[in-house]
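# Understanding the architecture of this molecule
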Amino acid sequence: MNTPRLARSVVKSGVLNTKNEAFTRLARLQRDVPQSSSSVPLQLSIADLLHAPGIHDWVKDRPLEVHGFVRSIRNHKKMSFASIGDGSTLEPMQAVLTPSQAQSLSNGTAVRLVGKWREPPATKKDKISELYVQSADVIGATDPSKFPIQKKYHTPEFLRTIPHLRNQVPFNSTLLRLRSDTIAAITKYFAAEAFTQTHPPIITSSDCEGAGEVFNVHSNLKERKDGSNDASFFGSPKYLTVSSQLHLEALAHSIGKVWTLSPTFRAEKSDTARHLSEFYMLEAEVNFVDDMEHIMDVVENLVRSITTPLFDSQVGQEILVSRDPAEEHRNSDRTVMIENRWKALTADKPWPRITYSQAIKELQSSPQAFDHKVEWGLGLQAEHERYIAETVCKSPVFITHYPRSIKPFYMLPSAIGSDGRRTVDCFDLIFPEACEIAGGSMREYHLLPLIESMQRHGLAPPGSPASLEDDDLGGLSWYVDLRRWGSAPHGGFGIGFDRLLGYLAGVRNIREITTFPRWVGRCEC
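Below, the structure is looked at part by part. (Residues numbered from 1 in each chain as written. Predicted model: local features only at pLDDT ≥ 70, side-chain atom pairs only at ≥ 80, totals over all residues. Heavy atoms only, no water.)

## Focus on the overall build of the protein chain
Looking only at helices and strands, the protein chain features 16 helices and 16 strands. Across the 525 residues of the protein chain, 49% fall into the buried class. Within the protein chain, residue pairs in contact and separated by at least 24 positions form 68% of the contacts whose partners lie at least 6 positions apart. Summing over all exposed atoms, the protein chain offers an accessible surface of approximately 25300 Å²; the carbon and sulfur share of this is 52%. (Helix = DSSP H or I, 4+ residues; strand = E, 2+ residues; numbered from the N terminus. Buried < 20%, exposed > 50% of the residue type's maximum accessible area, 1.4 Å probe, protein only. Contact = heavy atoms within 4.5 Å. Areas by Shrake-Rupley, 256 points an atom, 1.4 Å probe, with all protein chains shown as cover.)

This is how it looks when you write it as structure tokens:
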């Protein structure tokens with residue numbers, strides 16, 4: 001089968017035309033805002049006021065209406081200055097009020113301000129435009145003595161105790177917009193590549209990875225007195241999904257190329273900065289492809305198309321100037337670090353692709369002492385991955401063809417090499433500093449070899465594969481059934497979406513990337 005292979009091209013421009021983002025903002029205003037002078041206030045976001053080009057000419061002599069929250073307020077004898085944020089930008093707007101207008105305002109108060117937007121006088125040192133307020137209405141009052149988010153540094157640990165409020169912190173709202181912009185870039189990339197977005201189920205009948213770290217699904221239905229209900233809502237054990245891969249394979253069989261961004265769940269009792277119990281996976285499957293290089297091309301070009309717009313977008317610039325949430329003061333080294341990450345991901349050269357066996361040789365010949373044993377047949381630990389990415393390759397790197405014995409049952413075996421070692425056609429994408437970000441493989445598409453692999457992994461009983469019935473295959477019987485009806489070579493991948501966002505934003509702890517993080521022992525709201 002000679003499948004046309006994607007060119008291993010380097011994406012030089014993002015699918016979102018972010019260099020024109022400011023002008024797009026202005027075009028939207030010109031479309032939505034009447035040009036004729038009117039006494040009716042124009043309702044604008046703070047991002048519109050601060051970032052739309054030519055905004056002064058557009059709103060000149062027009063009353064403006066701004067909704068937002070008071071971040072801080074300074075009261076003087078003749079006037080007051082309030083810092084107002086609405087989440088649309090990291091930078092606040094400064095509002096100038098009379099003392100009587102500011103009397104009922106405090107940190108956290110939701111307000112409606114109406115006034116005129118004025119450029120600073122030429123003699124003023126601080127060249128910041130301001131809203132000169134004509135009327136101020138309190139929409140939602142706040143008790144300043146009890147409001148949890150004060151104008152001071154709050155540790156990530158404290159903010160995690162108030163997850164319903166912590167996204168009001170400016171940097172956290174910036175992360176929300178980064179997530180939104182990234183999803184938009186992903187959607188446009190896949191649409192341009194003729195992928196179909198799908199929504200696989202959250203409740204499944206099997207553990208895709210076979211690791212057993214799953215959440216069981218139960219209902220609160222009670223068994224009837226006559227015993228007609230066995231207290232199981234579905235009649236058999238069901239779980240929260242650990243991956244959408246198996247269902248994506250079924251969908252790819254019908255329409256060729258599919259993708260999803262879905263929540264996944266792992267009951268892994270790991271209390272680290274890299275693990276959550278609920279997180280998002282970006283997954284895709286491609287049918288009628290027999291070359292794993294094709295799948296890695298999709299991953300590489302996808303990540304490049306996500307990263308490239310950050311250099312010029314509003315949210316990208318705000319990420320660069322923000323401080324690490326784990327540090328009280330901004331560190332300029334952080335800006336350099338993030339920029340270097342983006343440059344490495346978008347550099348005008350393909351990412352290296354080395355085999356697991358090559359990686360083992362590099363590790364074994366290294367003068368560096370590792371805490372974990374380096375031996376063919378063992379998994380690569382984080383310290384090994386960091387060394388390969390940061391010291392050997394000095395860039396993102398694909399590590400391919402891992403030993404069959406340490407990988408899941410569904411992976412397609414590679415051709416046996418001259419050394420007799422058995423590997424599978426799979427890959428992990430390793431980023432410097434962050435380690436594994438993505439993983440993928442070709443899938444075993446032959447019926448009997450798939451059942452044999454399931455037997456080796458303890459997912460099917462021993463015996464002749466051809467003699468096994470659906471009942472013998474349990475919750476995976478439907479997956480096996482796909483191999484009976486026109487099964488074709490196919491492959492796919494999964495990207496840890498929250499990990500990727502954390503890497504792009506320079507956030508070290510994945511718990512700061514997700515809006516409502518869940519991990520072992522913690523699920524506040």
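There is more to say, and it comes next.
## Regarding the pattern of salt bridges
Counted by the stated rule, this structure contains 22 salt bridges. One salt bridge connects Arg179 with Asp498, and the closest N-O pair in it is separated by 2.6 Å. Here the residue Arg179 occupies a position in helix α6 (residues 170-192), and Asp498 occupies one in helix α16 (residues 497-505), the gap between them amounting to 319 residues. The class for Arg179 is buried, based on a relative accessible area of 15%. Three or more residues joined by partner-sharing salt bridges are found here, namely Glu293, Asp297, Glu300, Arg304 and Arg353. (Salt bridge = Lys/Arg side-chain N within 4 Å of Asp/Glu carboxyl O.)

## Some remarks on the pairing of strand β10 (residues 257-265)
Where burial is concerned, most of β10 is hidden: eight out of the nine residues are buried. In this structure, strand β7 (residues 196-197) lies alongside β10, joined through two bridges in parallel fashion. Residue pairing across strands places Thr196 opposite Val258, the latter belonging to β10. Examined bridge by bridge, β10 and strand β11 (residues 278-287) share nine bridges and lie antiparallel to one another. (Pairing = 2+ DSSP bridges.)

## Notes on the packing of helix α10 (residues 332-346) against α16
Relative to each other, α10 and α16 sit at 120 degrees, their axes nearing to 8 Å. Classified by the interaxial angle, the pair formed by α10 and α16 is oblique. Here Arg334, Ile338, Arg341, Trp342 and Leu345 of α10 come into contact with α16, specifically with Gly502, Tyr503, Leu504 and Ala505. Class assignment for the residues of the contact of α10 with α16 results in six nonpolar, one polar and two charged. (Axes fitted to C-alpha atoms, helices over the stretch in contact; angles between N-to-C directions. Parallel < 35°, antiparallel > 145°, perpendicular 65-115°, else oblique. Nonpolar A, V, L, I, M, F, W, Y, C, P; charged D, E, K, R; others polar.)

## Notes on the environment of Gln43
Along the chain, Gln43 falls in strand β1 (residues 42-43). Separated by 20 residues in the primary sequence, Gln43 and Pro63 have C-alpha atoms spaced 9.0 Å apart. The contacts of Gln43, once residues within four sequence positions are left out, are Glu65 and His67.

## Some remarks on the packing of aromatic side chains
Scanning the entire structure with this criterion turns up 15 aromatic pairs. Consider the rings of Phe233 and Phe234, whose centres lie 5.0 Å apart with planes at 75 degrees: the pair is edge-to-face. Looking at Phe233, the relative accessible area reads 54%, which means it is exposed. For Phe234, a relative accessible area of 43% translates into the label partly exposed. A centroid spacing of 6.0 Å and a plane angle of 35 degrees characterise the contact between Trp351 and Phe398, whose relative ring orientation is tilted. (Phe/Tyr/Trp six-rings, centres within 6.5 Å; stacked < 30°, edge-to-face > 60°.)

## Considering the nonpolar core
Phe190, Leu302, Phe431, Phe493 and Ile495 are the most contacted members of the largest nonpolar core, which totals 48 residues. Of the residues forming this core, the biggest block, eight residues, is contributed by helix α8 (residues 292-307). When residues no more than four places from it in sequence are discounted, the contact partners of Phe190 are Phe195, Trp259, Leu282, Ala284, Val298, Leu302 and Phe493. One finds Tyr356, Cys393, Tyr410 and Met454 within the second-largest nonpolar core, a separate group that totals 33 residues. (Core = buried A, V, L, I, M, F, W, Y, C linked by side-chain atoms within 4.5 Å.)

## Description of the packing of helix α9 (residues 314-321) against α10
Two elements in contact, α9 and α10, have axes separated by 8 Å at closest approach and are oriented at 135 degrees. Taken together, the axes of α9 and α10 lie oblique to each other. Listed contacts from α10 to Gly316, Ile319 and Leu320 of α9 are Arg334, Thr335, Ile338, Glu339 and Trp342.

## Here we look at the sheet that holds β10
Pairing in this open sheet of eight strands is mixed, and the strands run β7-β10-β11-β16-β15-β14-β13-β12 from one edge to the other. Here the strands that pair on one side only, and so sit at the sheet edges, are β7 and β12 (353-355). Here β11 runs beside strand β16 (residues 490-496); their pairing, made up of seven bridges, is antiparallel. Its bridge partner being in β16, Leu282 is matched across the sheet by Ile495. Against the sheet, helix α11 (residues 356-364) makes contact with β12 and β13 (397-400), and its axis sits at roughly 80 degrees relative to β12, the strand it touches most.

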